[in-house]
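# Chains, contacts and geometry: an overview
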4 protein chains.
Amino acid sequence: MEKKRVPSLVKDEALVHKRRAQMVKGAVALFKEKGFHRTTTREIAKASGFSIGTLYEYIGSKEDVLYLVCDAVYGEVMERLEQLLTEENAGVERVRHLVRSLFKVIDEMQDEVLVMYQEAKSLPKEALPYVLQREKEMTERIQDVLAKSRAEGVIQLPDEQLPLAAENLMVKGHMWAFRRWSLASSYSLETYTKAQIEQILSGLKADVENKRGR
Amino acid sequence: MEKKRVPSLVKDEALVHKRRAQMVKGAVALFKEKGFHRTTTREIAKASGFSIGTLYEYIGSKEDVLYLVCDAVYGEVMERLEQLLTEENAGVERVRHLVRSLFKVIDEMQDEVLVMYQEAKSLPKEALPYVLQREKEMTERIQDVLAKSRAEGVIQLPDEQLPLAAENLMVKGHMWAFRRWSLASSYSLETYTKAQIEQILSGLKADVENKRGR
Amino acid sequence: MEKKRVPSLVKDEALVHKRRAQMVKGAVALFKEKGFHRTTTREIAKASGFSIGTLYEYIGSKEDVLYLVCDAVYGEVMERLEQLLTEENAGVERVRHLVRSLFKVIDEMQDEVLVMYQEAKSLPKEALPYVLQREKEMTERIQDVLAKSRAEGVIQLPDEQLPLAAENLMVKGHMWAFRRWSLASSYSLETYTKAQIEQILSGLKADVENKRGR
Amino acid sequence: MEKKRVPSLVKDEALVHKRRAQMVKGAVALFKEKGFHRTTTREIAKASGFSIGTLYEYIGSKEDVLYLVCDAVYGEVMERLEQLLTEENAGVERVRHLVRSLFKVIDEMQDEVLVMYQEAKSLPKEALPYVLQREKEMTERIQDVLAKSRAEGVIQLPDEQLPLAAENLMVKGHMWAFRRWSLASSYSLETYTKAQIEQILSGLKADVENKRGR
DNA sequence: AATGAATGAGAGTTCATTCAT
DNA sequence: CATGAATGAACTCTCATTCAT
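Residues numbered from 1 in each chain as written. Chains lettered and ligands numbered in written order. Predicted model: local features only at pLDDT ≥ 70, side-chain atom pairs only at ≥ 80, totals over all residues. Heavy atoms only, no water.

Looking at an unreviewed UniProt entry, one finds chain A named TetR family transcriptional regulator, with Salsuginibacillus halophilus as its source organism.

## Let's talk about helix H7 (residues 127-151) of chain C
An ideal rise of 1.5 Å per residue puts 36 Å on 25 residues; H7(C) measures up with 36 Å between its terminal C-alpha atoms. Every buried residue belonging to H7(C) is among Ala127(C), Tyr130(C), Val131(C), Arg134(C), Glu135(C), Met138(C), Thr139(C), Ile142(C), Val145(C), Leu146(C) and Ser149(C), and all of these are buried. For H7(C), the elements touching its buried residues are helix H4 (62-85), helix H5 (92-108) and helix H8 (162-178) of chain C together with helix H9 (180-183) of chain D. Residue Gly153(C) follows H7(C) closely and has a positive phi angle near 85 degrees. (Helix = DSSP H or I, 4+ residues; strand = E, 2+ residues; numbered from the N terminus. Expected span 1.5 Å × (residues − 1). Buried < 20%, exposed > 50% of the residue type's maximum accessible area, 1.4 Å probe, protein only. Contact = heavy atoms within 4.5 Å.)

## Details of the protein's contact with DNA strand F
Taken together, 42 residues sit near DNA strand F, with Arg19(B), Arg42(B), Tyr58(B), Tyr58(C) and Tyr56(D) positioned nearest. Considering the 4 Å shell around the protein, atoms of DNA strand F inside it are sugar or phosphate in 63% of instances. Separating a phosphate oxygen of DNA strand F from a side-chain N or O atom of Tyr56(A) is a distance of 2.6 Å. Here a base nitrogen of DNA strand F and a side-chain polar atom of Arg42(B) are 2.4 Å apart. Elements with a contribution of two residues or more to the surface near DNA strand F: helix H2 (41-48) and helix H3 (52-58) of chain A, helix H1 (13-38) and helix H3 (52-58) of chain B, helix H1 (13-38) and helix H3 (52-58) of chain C together with helix H2 (41-48) and helix H3 (52-58) of chain D. If one sorts the elements of the surface near DNA strand F by residue count, H3(B) sits on top with five residues. Each residue belonging to the surface near DNA strand F can be placed in one class, and the counts come to 15 nonpolar, 14 polar and 13 charged. (Near = heavy atom within 4 Å. Polar contact = N/O pair within 3.5 Å; in protein donor to acceptor, adjacent residues only side chain to side chain. Nonpolar A, V, L, I, M, F, W, Y, C, P; charged D, E, K, R; others polar.)

## Focus: the UniProt feature "DNA-binding region" (unreviewed entry) in chain A
Under the present numbering, the feature "DNA-binding region" (unreviewed entry) in UniProt falls on residues 40-59 of chain A. Structurally, residues 40-59 of chain A is divided into 75% helix and 0% strand, and its ends, taken at the C-alpha atoms, are 14 Å apart. (UniProt positions renumbered as here; feature names shortened; annotations may be inferred.)

## Examining the interface of chain D and chain C
Listed as interface residues are 54 residues of chain D and, on the opposing side, 55 residues of chain C. Across the chain D-chain C interface, the total number found is eight salt bridges. Arg179(C) is paired through a salt bridge with Glu135(D); the nearest N and O atoms lie 2.7 Å apart. Summed over the shared surface of chain D and chain C, the result is 20 residue pairs in polar contact (both at pLDDT 80 or more). (Salt bridge = Lys/Arg side-chain N within 4 Å of Asp/Glu carboxyl O.)

## Describing the pattern of salt bridges
Close approach of charged atoms allows side chains with opposite charge to pair. Following the criterion strictly, the structure yields 82 salt bridges over all chains and no others. Note that Lys32(B) and Asp111(B) form a salt bridge whose closest N and O atoms lie 3.2 Å from each other. Here Lys32(B) is found in helix H1, whereas its partner Asp111(B) is found in helix H6 (residues 110-119), with 79 residues between them in sequence. Within this structure, Glu76(A), Arg80(A), Lys104(A) and Glu108(A) form a network of salt bridges that share partners.

## Here's the deal with the environment of Phe178(B)
All names here are of chain B. As for its placement among the helices and strands, Phe-178 is situated in helix H8 (residues 162-178). Among the residues examined, Phe-178 registers a relative accessible area of 11% and is labelled buried. Here the alpha-carbon distance between Phe-178 and Arg-94, two residues 84 residues apart in the chain, equals 26 Å.

## What to know about the protein's contact with DNA strand E
Residues in contact with DNA strand E amount to 42 residues; listed here are only the nearest, Val10(A), Tyr56(B), Arg19(D), Arg42(D) and Tyr58(D). Sugar plus phosphate: this is where 62% of the atoms of DNA strand E within 4 Å of the protein reside. At 2.4 Å from a phosphate oxygen of DNA strand E is found a side-chain nitrogen or oxygen belonging to Arg19(D). Between DNA strand E and Thr54(D), the relevant distance is 2.7 Å, taken from a phosphate oxygen to a side-chain nitrogen or oxygen of the residue. Of the residues belonging to the surface near DNA strand E, the class tally is 15 nonpolar, 14 polar and 13 charged.

## Thoughts on the UniProt feature "domain: HTH tetR-type" (unreviewed entry) in chain A
Taken from the UniProt record, the annotation "domain: HTH tetR-type" (unreviewed entry) applies to residues 17-77 of chain A. Helix makes up 87% of residues 17-77 of chain A and strand makes up 0%, while its end C-alpha atoms are separated by 18 Å.

## Thoughts on the side chain of Arg134(D)
Residues and elements named next belong to chain D. Within the secondary structure layout, Arg-134 lies in helix H7 (residues 127-151). For Arg-134, a relative accessible area of 16% translates into the label buried. Non-local contacts of Arg-134, meaning those with residues more than four positions away in its chain, are made with Asp-71, Tyr-74 and Gly-75.

## A short note on the packing of helix H7 (residues 127-151) of chain A against helix H8 (residues 162-178) of chain A
All names here are of chain A. Where H7 meets H8, the axes come as close as 8 Å, and the angle between the chain directions of the two elements is 120 degrees. Comparing the axis directions of H7 and H8 gives the class oblique. Relative to H8, H7 is oriented so that their crossing is right-handed. Taken together, the residues of H8 that come into contact with H7 (itself represented by Glu-135, Met-138, Thr-139, Ile-142, Gln-143, Leu-146, Ala-147 and Arg-150) are Leu-162, Pro-163, Ala-165, Ala-166, Glu-167, Leu-169, Met-170 and His-174. (Axes fitted to C-alpha atoms, helices over the stretch in contact; angles between N-to-C directions. Parallel < 35°, antiparallel > 145°, perpendicular 65-115°, else oblique. Left-handed = near helix turned anticlockwise from the far one by under 90°.)

## Let's talk about the arrangement of the chains
Chain A shows no contact with chain C. Their nearest C-alpha atoms sit 30 Å apart. Structurally, chain B and chain D remain out of contact, their C-alpha atoms never closer than 21 Å.

This is the structure:
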């Protein structure tokens, strides 16, 4: 899957990078506050620290800004996650660490994640598959960790349920961002993480039945 | 929490109901396809089977359409869910039935649920709290069922985790709608439901450790 | 100059009269408050005590309402003025009584006169000449009274200035309505009338010069 | 009384001035022909020589155009009047010159004055007081001249009638614009001015009575 | 490379008028 | 005669995009 080429009239690549970073930063704040459609290109330019004319030196259309945001967010989320996942753990603790890491990263980048979640559908047609691809890659990264633990025998799961388990983890992470309105009154990141780990690992079924049932 | 009053110039209440039902139906299809912002009021009118002038006889602003959609969707989702939940079950089977019912309803109303999920943030300021309230009510309904099963001793869960368990169920339901792009290739509603029930009830931890760990 | 025919679908002439009277009354209040253009036909219908459908049984277009208002206002102003002018006076007192009467009528019908003044330009093209004609008629009526006093030798005025004197009187009357924002703080109808009579009759030139100058 | 700030997206103040002057010129012609409400913003833009988008770079709303017109008209009327009033005169001639100057300016700016007169009521709520204030200022300027002549003893007038005399002059000036339909057939600016000066100075009362009455 | 004035298609909304009941 | 739901032309205003400087 190819990264979408965002056209720029400016040749100096370093400058392009710098300006786009400014754009992404300004745009995220605006998109979070008012959403993609209610944000004007003028506002983006202003928040980025340059003029509307300059904005269009670095992008081809407003939608490109959204794409750049999404791309940047995935990049940073993955990077931070990888950073945390360098810490090696074994057995069930590996899973616990995975969940903790994922949730931590999402918590740190709440605004960005939320924006992506809510505005991804406005992405230019050609860009959506690429962004979904990055989501899939991330899910696969999660899945790999789970697979390792499964290989150690510390988690039980039929083959075909492994992807779903990974996807569940992703969603529980995102949930911390997009259901914040509901969760924030009862949970801190720590209590939320702890409770979710519990439910992920042990499920709801009471032990008594677990044991009897076998 | 008060239902928002949507102004109408037409006095005949039955007619208002009928026309708004047409509107909601037409609008959901459009919103799903192109999102709220890219859908024009003229398109909504046309899809509803009347003129732009008539549309505005039944609403005060475009945002009202979105509110009517959200309100109607919650109404129908809840109604259908209640319908399914009349079937009485006991023990773990009650939980299984709850999950099956929830997922079934969401599957039947995929488009509507997806639209609500993605566009709720565009709701008029006064309407958002009401819609969130309905989401909470629904979550509580789920929670009640879980509480019953817990009272029977078939599920284990500290008090403070019950709300989270309910919220998790809700999200896993919605997930079937909003991650369809990812799930549809590997799962049917049935396999998805079965797999999720499994993970919800038993968790990921291998029995061997479960037993040893105590 | 023909009175403009305002079309009505209703045959019963007495009813037409009654309904149009209701219309004029309701419309004047609205026009005064918000002007002709900012007043909607629905509002006129409501203020008149019937439905929008009924309104259009008695007029052909919104502009007809304005015409009916103007026509009615002139009718009533003239009628009231005639009423007051039946009181016979002689010499300068006739002029004084004329001014007093004119100002009194305009004071009583401030709202109506103001509306006519401000909205006449919105009259349907065919109706404007008729309304201007009525204004001319009224001015001539004033002029006739002045002519009488002039014949008595109590006022000095070259022939060709008589129409202007009449027109001046009319404008000073209207002025009481349309410059109310400025006059109301310093004058009551009585003091305004008295002061104007003074200036109309004696002018500004100091007597000393008057006398010397000849 | 503060001048209302009309918002502009354009920063170059000189350009703003220039464009607004174009706007005022174009708008006056249109307002005169069809009135404020029947003139569309697109027509204003076209008459001003730019696009609808550009129009809105220089104003916030259609009403702002009307305000700019009124403001510009007062500015120019006052300026021209001051210009004429630099010519010094004494005694009754001062009054004559005042009237002649006032009428001349209004004659030169007939269209503008008429538009202001007829459309002022459509001014944005906050702007009306400011415009009325300018009218008052102008009236006071007239009053000052009268006061001077009065101090010289060439005009007779109780203190409290001075403001009214000034207001009368203003209205007689405007009258040349707004009753043109009636006056134009009998008067030129010169004959109108001459006749009005006569009546203003000497009043209607015949000398014989003036003299006898004392 | 940066600016910001100019553009105009297109959006939401209003409202005079019609006509079936 | 009275009603009021339906209509759609027309309005004001916005904003992504361009391009001369």
